[in-house]
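# Overview (structure and organization)
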Amino acid sequence: KNERGEITGVISFKYEVTELVLARKRLENNEQELFALNEELARANEEIMSSNEELASSNEELKTTNEELQEAHSSLIEMTEALEERVKERTIELLWAHKDAETERDRLRRLFMQAPAGICILDGPNLVYELINPPYQKLLPGRKVLGKPIFEALPELKEQPIAAILKEVYTTGKTYEGHEQNVP
């Protein structure tokens, strides 16, 4: 608000983390597929050992079985290599998404810290101060509030109407808009 009490701006921020979550899920699925393939390969190798013992009497049958197992082994190697490549790609995508998210978080933090209006970010059901900018800190001279629940940092608010409003906003997610509300 300006000196006349008129609203001069509103800031709204949203983070799109769908790609990050999807990349993480794809990575987990790829790891599970790779594990299953490795188990299948281990079982195939065990079958090869027992087949060799059983088929030792017939060289022709052993040759045929070995050729079939070699093809299966080659296919498994190809699938394993393809899965490893996909895991690498997904990991790179995840790292880039993480880097982008960190960049956006840092940009948002700088914006908050440079804003002329007092801004704080409260987190969790205990409404813990996660971020405060310099104009907000000027409202509370001499108080160390960062990292503390709001009602521990500002115990005088516990009995104020604002306490119920803050809890309601956290619980329901519904925006509260107050005009010229006195908060002693």
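Residues numbered from 1 in each chain as written. Predicted model: local features only at pLDDT ≥ 70, side-chain atom pairs only at ≥ 80, totals over all residues. Heavy atoms only, no water.

A tally of regular secondary structure across the protein chain gives five helices and two strands. The order of helices and strands in the protein chain, counted from the N terminus, is α-α-β-β-α-α-α. If one aligns the C-alpha atoms of the protein chain with their principal axes, the spans along those axes are about 100 × 30 × 30 Å. Here the protein chain holds 184 residues, and 22% of them are scored as buried. Total accessible area on the protein chain is roughly 14,000 Å²; 53% of this is exposed by carbon and sulfur atoms. (Helix = DSSP H or I, 4+ residues; strand = E, 2+ residues; numbered from the N terminus. Buried < 20%, exposed > 50% of the residue type's maximum accessible area, 1.4 Å probe, protein only. Areas by Shrake-Rupley, 256 points an atom, 1.4 Å probe, with all protein chains shown as cover.)

Our next topic: the pairing of strand β1 (residues 120-123). Here four bridges tie β1 to strand β2 (residues 128-132), and the two strands are oriented antiparallel to one another. Its bridge partner being in β2, Leu122 is matched across the sheet by Tyr129. Between β1 and β2, which pair antiparallel in sequence order, lie four residues; one of them, Gly124, sits at a positive phi of approximately 80°. (Pairing = 2+ DSSP bridges.)

Not every positive phi belongs to a glycine, and Leu127 is a case in point at roughly 55°. When you line up the elements, Leu127 lands in the loop between β1 and β2. For Leu127, a relative accessible area of 5% translates into the label buried. Despite not being glycine, Glu180 has its phi angle at roughly 50°, a positive value. Along the chain, Glu180 falls in the segment after α5 (161-172). Take Glu180: its relative accessible area is 77%, and that puts it in the exposed class.

Glancing now at a nonpolar patch on the surface. On the surface, a cluster of nonpolar side chains totalling about 250 Å² of accessible area is made up of Tyr15, Val17 and Val21. Tracing the backbone through its elements, the reader meets Tyr15 in the segment before α1 (18-54). Residue classification places Tyr15 among the partly exposed residues on the basis of a relative accessible area of 44%. (Patch = residues over 30% accessible without salt bridge, like charges linked within 9 Å, V, L, I, M, F, W, Y side chains within 5 Å. Salt bridge = Lys/Arg side-chain N within 4 Å of Asp/Glu carboxyl O.)

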